[in-house]
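What follows is the residue order along each chain.
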Amino acid sequence: MTVSLFLQLVVQGCAIGAIYGLAALGFVLLVKALDVINFAQGEFVVLGGFIVWTLVGAGLPFWLALPGALLIGALVGVVFERVVYRPIRDRDFATHLIGTLAGALILRNLAQHIWGPETHAFTAPFDRWVFDWHSVVINPQYLLILGATVLLVAGYYVFFFHSPTGKVLRAVADSRSTARLLGVHTNRIGALAFALASSTGVLAGVLVAPLFLVDPNVGFTAALKAFVATIIGGWGSFPGALLGGLIVGLAEVFSVQFFPSGYKDATAFVILIVFLLLRPQGLFPGRAGERA
Amino acid sequence: MSAYPVRRRAILAAALGSSLLAALAGPAAAEEAIRLGLVTSMTGGFAATGRQVAAGAQLAADEINAAGGIGGRQVKLIVEDDRSEPGAAVNAYNKIISSGPVAVIGPTFTPFVLALAPAVRRAEVPLFTAAIGTKVTAAEVSGGWVFRISTSDAEATAKLADYVATVLKPQRPAILFANNDYGKSGAGVMRATLAAHGIAFAAEEQFTQGDKDMSAQLLKLREIKPDLVVIWAIPTDAGVIVPQARQIGLSVPLVGSPGFATPEFLGLAGSSAEGATTVIVSLAGQSEATADWTQKIRAANPDMPVSFTASTAYDAANLVFDILARQPDATPAKLRDLLAAAHGFQGISGPYDFDATGNGFHQALVVTWTGGKLVPEAGAGQ
């Protein structure tokens, strides 16, 4: 293996890994804030692609369409919390699982109803431009994704551990009834958490659209890999989600060089099984002691 | 005296009855329309394709009616929507059969035709379909009543493979294909045809249909340094693979599955589609030769993309009209026998010649995306 191929594989693996990590952040956020697993997170990613595609198609420049999409995403999150999550929030894990899964199906069908089943091309902001760096091909979209993910991880980390609102969010995750007794508006906090999670998903959708197209079926794949990244990283850890994503991304890219490519999708799950056997708490055990 | 009113009533009744009978049987029998059925997707996921089929058949019916019909009888096209569901297609088909059509133009997707097959064998009315699955015209499925008006998948793939082996003659080809039935059967035909000409793939890579990141496979292919890459994928996957291949610096000629010949692929791949070679059943709707016909379809359906999907339905309707013009009293059974013997009908799509199993269309054009248009390759013949 030449040095340039090795570097190219590292670049490619990190880029894909960052995408998985970015999609996983929404998962982690809700685990951390509300102690709930949201299986509709992948559908927020789908929404992101379609919303930004619609806004740019309507003539908005990309850098205006992006905040617009995030805002619409946040609104969808607030509605989702009110309609899907709040009625079942005091139930057990299985109810959360089925409830958010039902929410995912509703979102998916709603998206199909609005935008139809077709896949669309979306190339903003870089219009499929790539550049060479020492014979390694770099797609600026990769840098954008990696940059956004690292910033978000840092931002969420600071927010959750060093801001008053973040501390309230964690307190609600710990015990909603105690938090409420102490005067926390738990409804408002829940809405905030879902708004953040869904706009994080929307951001992921906007950023991967130039690579993965605007496709109504991208949600399931995104959610599956993001879920694996979340578990590997340690349930409820922001840096863990990014690191877990990077591990899966790099493993996928490198595995194809050595094994038949038909098994590429299995790579993520082999890693998942290895982790569950050897280190079930993940790289950064999150919830257990809030160490992150 | 007492009989008079009765008699008058009887005469009135007789007069009324006979005039009613005359009204029912007389003039109506002479002008009864010839019914042609159409089961297609007017709503749902396949509506874009289904509406093209309807537009093609409707144009053929409108044209023949404007020209005075067939032997003085008008043609009535009976359209039933299958809502893009195989189950609903069966109901739509049964509804059409109850109105006594001479033939039915059916769905263009293989699973739909397979769902209809038992009803078609029972009804004993010829069914036309552009579905490309090999099974569609198999005797145990069709019972001899299904007529394919598009080139089968196997025929089109063989044609493209032959072009690669005998005209492009790559020294070091590679292939990337979906790891499902579709990808594997396409790759199988390619592999066998190239092998017959002493050419072997230097690398074979696979992907999961719907996967969005092909960079791992494409990087591996790039390292092999092939002089040509064959890609067997549905249009949406092809639209992901081709831009990624070009971005990563895989700049060799690309040869793609029939999915590459779709406007959908061009829309997704954009300028990176340029130079990709593929195979298409017919250039109807795109070529100069079909410009007049395309104009007519567009006149009635302004925003509709026009392709061989519309022209095959148009041709099927005209095939029926052509036979009925010579045999006005043909029953569905008689029509079947005449169809099975039909040779040399020149449609908008191309020439039709039915073989013993009901495959009527065999044209496959090797084409290359050039400046956003599909241009036929010289030396590929038909």
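## Notes on the pairing of strand β1 (residues 34-40) of chain B
All names here are of chain B.
Turning to step 1, where the next piece is worked out: Of all seven residues in β1, six are buried, a share of seventy percent or more.
Turning to step 2, where the next piece is worked out: Summarising the sheet, β1 and strand β2 (residues 75-81) pair through seven bridges and their orientation is parallel. For Arg35, the partnering residue across the bridge sits in β2 and is Lys76.
Turning to step 3, where the next piece is worked out: Since β1 and β2 lie parallel, the crossover through helix α2 (residues 47-66) that links them has a hand, and here it is right-handed.
Turning to step 4, where the next piece is worked out: The sheet contact formed by β1 and strand β3 (residues 103-105) spans three bridges and is parallel. Bridging across to β3, Gly37 finds its partner in Val104.

## What to know about the confidence of the model for chain A
Turning to step 1, where the next piece is worked out: Here chain A averages 89 in pLDDT, while 98% of its residues score no lower than 70.
Turning to step 2, where the next piece is worked out: Note that pLDDT drops below 50 for residues 288-292 of chain A; the model gives that stretch eleven contacts with residues more than four away or on any other chain.

## Some remarks on the pattern of salt bridges
Turning to step 1, where the next piece is worked out: Per the stated rule, a full pass over the model turns up 17 salt bridges over all chains.
Turning to step 2, where the next piece is worked out: In this structure, Lys212(B) engages Asp215(A) in a salt bridge whose closest nitrogen and oxygen atoms are separated by 2.6 Å. Remark: Asp215(A) occurs in the loop between α8 (186-212) and α9 (218-233) and Lys212(B) occurs in the loop between β7 (203-207) and α8 (215-224); the pair is interchain, linking two chains.
Turning to step 3, where the next piece is worked out: Relative accessible area serves as the criterion here: at 4%, Lys212(B) is assigned to the buried category.
Turning to step 4, where the next piece is worked out: Among the ionic pairs, Lys296(B) bridges to Glu63(B), the shortest N-O distance being 3.1 Å. Within this pair, whereas Lys296(B) is found in helix α11 (residues 291-300), its partner Glu63(B) is found in helix α2, the two being separated by 233 residues in sequence.
Turning to step 5, where the next piece is worked out: You can call Lys296(B) partly exposed: its relative accessible area is 42%.
Turning to step 6, where the next piece is worked out: Take Glu63(B): its relative accessible area is 24%, and that puts it in the partly exposed class.
Turning to step 7, where the next piece is worked out: Several salt bridges converge on common partners, so that one network encompasses Lys225(A), Glu252(A) and Asp265(A).

## Side note on the environment of Gly50(B)
Residues and elements named next belong to chain B.
Turning to step 1, where the next piece is worked out: When you line up the elements, Gly50 lands in helix α2.
Turning to step 2, where the next piece is worked out: A residue is classified by how much of its surface remains accessible, and Gly50, at 4% relative accessible area, is buried.
Turning to step 3, where the next piece is worked out: Taking the C-alpha atoms as reference points, Gly50 and Thr108, 58 residues apart in sequence, are found 7.8 Å from one another.
Turning to step 4, where the next piece is worked out: The residues touching Gly50, leaving out its near neighbours within four places in the chain, are Thr40, Ser41 and Met42.

## A short note on the interface of chain B and chain A
How big an interface is tends to be reported as the loss of accessible area on association of its parts.
Turning to step 1, where the next piece is worked out: Each partner contributes to the interface: chain B provides 27 residues, whereas chain A provides 28 residues.
Turning to step 2, where the next piece is worked out: Between chain B and chain A, a total of about 2,300 Å² is buried, with carbon and sulfur atoms accounting for 53% of that surface.
Turning to step 3, where the next piece is worked out: It is Lys212(B), Gln247(B) and Leu268(B) in chain B that bury the most area against chain A; as a group they hold 28% of the surface buried on that side.
Turning to step 4, where the next piece is worked out: Asp213(B) is the salt-bridge partner of Lys264(A), the closest N and O atoms lying 3.9 Å from each other.

## A closer look at empty space enclosed by the protein
Turning to step 1, where the next piece is worked out: Taken as a whole and judged by the stated rule, the model has seven cavities of 30 Å³ or more.
Turning to step 2, where the next piece is worked out: Estimates place the volume of the largest cavity at around 160 Å³.
Turning to step 3, where the next piece is worked out: Around the largest cavity, the lining comprises 15 residues; the ones closest to its centre are Ile19(A), Tyr20(A), Phe212(A), Thr221(A) and Ala222(A).
Turning to step 4, where the next piece is worked out: Elements with a contribution of two residues or more to the lining of the largest cavity: α1 (3-34), α8 and α9 of chain A.
Turning to step 5, where the next piece is worked out: Top element by residues in the lining of the largest cavity is α9(A). It accounts for four residues.
Turning to step 6, where the next piece is worked out: Estimated volume of the second largest cavity: approximately 130 Å³.
Turning to step 7, where the next piece is worked out: Looking at the second largest cavity, it is lined by 15 residues, and the ones nearest its centre are Gln12(A), Asn139(A), Tyr142(A), Gln247(B) and Ile248(B).
Turning to step 8, where the next piece is worked out: For the lining of the second largest cavity, the secondary-structure elements that each account for two or more residues are α1, β2 (136-138) and α8 of chain A together with α9 (235-247) of chain B.

What counts and how
- Residues numbered from 1 in each chain as written.
- Chains lettered and ligands numbered in written order.
- Predicted model: local features only at pLDDT ≥ 70, side-chain atom pairs only at ≥ 80, totals over all residues.
- Heavy atoms only, no water.
- Buried < 20%, exposed > 50% of the residue type's maximum accessible area, 1.4 Å probe, protein only.
- Helix = DSSP H or I, 4+ residues; strand = E, 2+ residues; numbered from the N terminus.
- Pairing = 2+ DSSP bridges.
- Right-handed = clockwise from strand over helix to strand, strands pointing away.
- pLDDT = per-residue confidence, 0-100.
- Contact = heavy atoms within 4.5 Å.
- Salt bridge = Lys/Arg side-chain N within 4 Å of Asp/Glu carboxyl O.
- Buried area = accessible area lost by both parts, 1.4 Å probe.
- 1 Å grid on protein atoms, 1.4 Å probe; cavity = no way out; pocket = protein on both sides within 12 Å on 5 of 7 lines; lining within 4 Å.
- Points joined across faces, edges and corners; volume = space filled by probe spheres on them.

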